[in-house]
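Each chain, letter by letter, is given below.
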Amino acid sequence: MSSASVRVTESALDPAIAARLKRDADGLVCAVVQSRAGEVLMVGWMDDEALHRTLTTGRGTYWSRSRQEYWVKGDTSGHVQHVHEVRLDCDGDALLVVVDQEGPACHTGTRTCFDTDVLLAAD
């Protein structure tokens, strides 16, 4: 089992930041990823360790709920996210991760995960 697939239970995340997070039942916080130009690119999930890694490396790091492992965006695809800013929302239950995205952000190969299905488009 690789170190990427082992979920960290005691993170080195700053305790002051950890205390502000409101996690779901799985210990995760929603991370909305946005380009520096303001375009919403994707949504990922972070536990304390993924957030710690993101803050200390400057690379978007997430917990994959389907694969049950940490993943650094771009390590396999080459579509790297260089993190410029991470914000915590007013309730502590969501993060905004502002990035420079190299290549597509979506695993389907599109620039954003939100350009395929438009459910409402007001004129």
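Scroll up for the structure.
One numbering rule holds for all chains: residues counted from 1, following each sequence as written. pLDDT decides what is reported in this predicted model: residues at 70 or higher carry local features, side-chain atom pairs at 80 or more are listed and counted, and totals for whole chains, interfaces and linings draw on all residues regardless. Here the side-chain values reflect all heavy atoms present in the structure, with hydrogen atoms and water set aside.

A.B. asks: Help me understand the overall build of the chain, please; the structure alone is not making it clear to me.
C.D. replies: Note on conventions: DSSP H or I runs of at least 4 residues are helices, E runs of at least 2 residues are strands, and numbering of each starts at the N terminus. The number of helices and strands found in the chain is two helices and six strands. In the chain, the succession of α and β elements from N to C terminus is α-β-β-α-β-β-β-β. Its C-alpha atoms give the chain a radius of gyration of 14 Å, near enough to 14 Å, the size a compact globule of 123 residues would have. By principal-axis analysis of the C-alpha atoms, the chain measures approximately 45 × 35 × 25 Å. For the chain, the residues scored as buried account for 35% of the 123 residues in total. Whether two residues are in contact is decided by their heavy atoms, any of which lying within 4.5 Å being enough. Partitioning the contacts of the chain with sequence separation of at least 6, the portion at a separation of at least 24 is 47%. Where accessible areas are quoted, they stem from the Shrake-Rupley method and a 1.4 Å probe; at the residue level, only the protein chains shown are allowed to cover. With the model as given, the accessible surface of the chain reaches about 7400 Å², and the carbon-plus-sulfur share is 52%. Taken over C-alpha atoms, the radius of gyration is set against a globule rule of 2.2 Å times the number of residues to the power 0.38. For each residue, the accessible area found with a 1.4 Å probe, counting protein chains only, is set against the maximum for its type, and the residue is called buried under 20%, exposed over 50%, and partly exposed in between.

A.B. asks: Would you mind showing me how to read the pattern of salt bridges here?
C.D. replies: Pairing between side chains becomes possible if they bear opposite charge and their charged atoms approach one another. A pair is scored as a salt bridge if a Lys or Arg side-chain nitrogen falls within 4 Å of a carboxyl oxygen belonging to Asp or Glu. Applying the stated criterion to the full structure yields eight salt bridges. For R7, the salt bridge is made with D47, and the minimal N-O distance between the two is 2.8 Å. One end of the pair, R7, is in the segment before α1 (15-18); the other, D47, is in the loop between β2 (40-46) and α2 (48-57), with 40 residues separating them in the sequence. For D47, a relative accessible area of 5% translates into the label buried. R59 is the partner of D75 in a salt bridge, and the nearest nitrogen-oxygen pair spans 3.0 Å. On the criterion of sequence distance, the pair formed by D75 in the loop between β4 (69-72) and β5 (81-88) and R59 in the loop between α2 and β3 (61-64) is long-range, its members being 16 residues apart.

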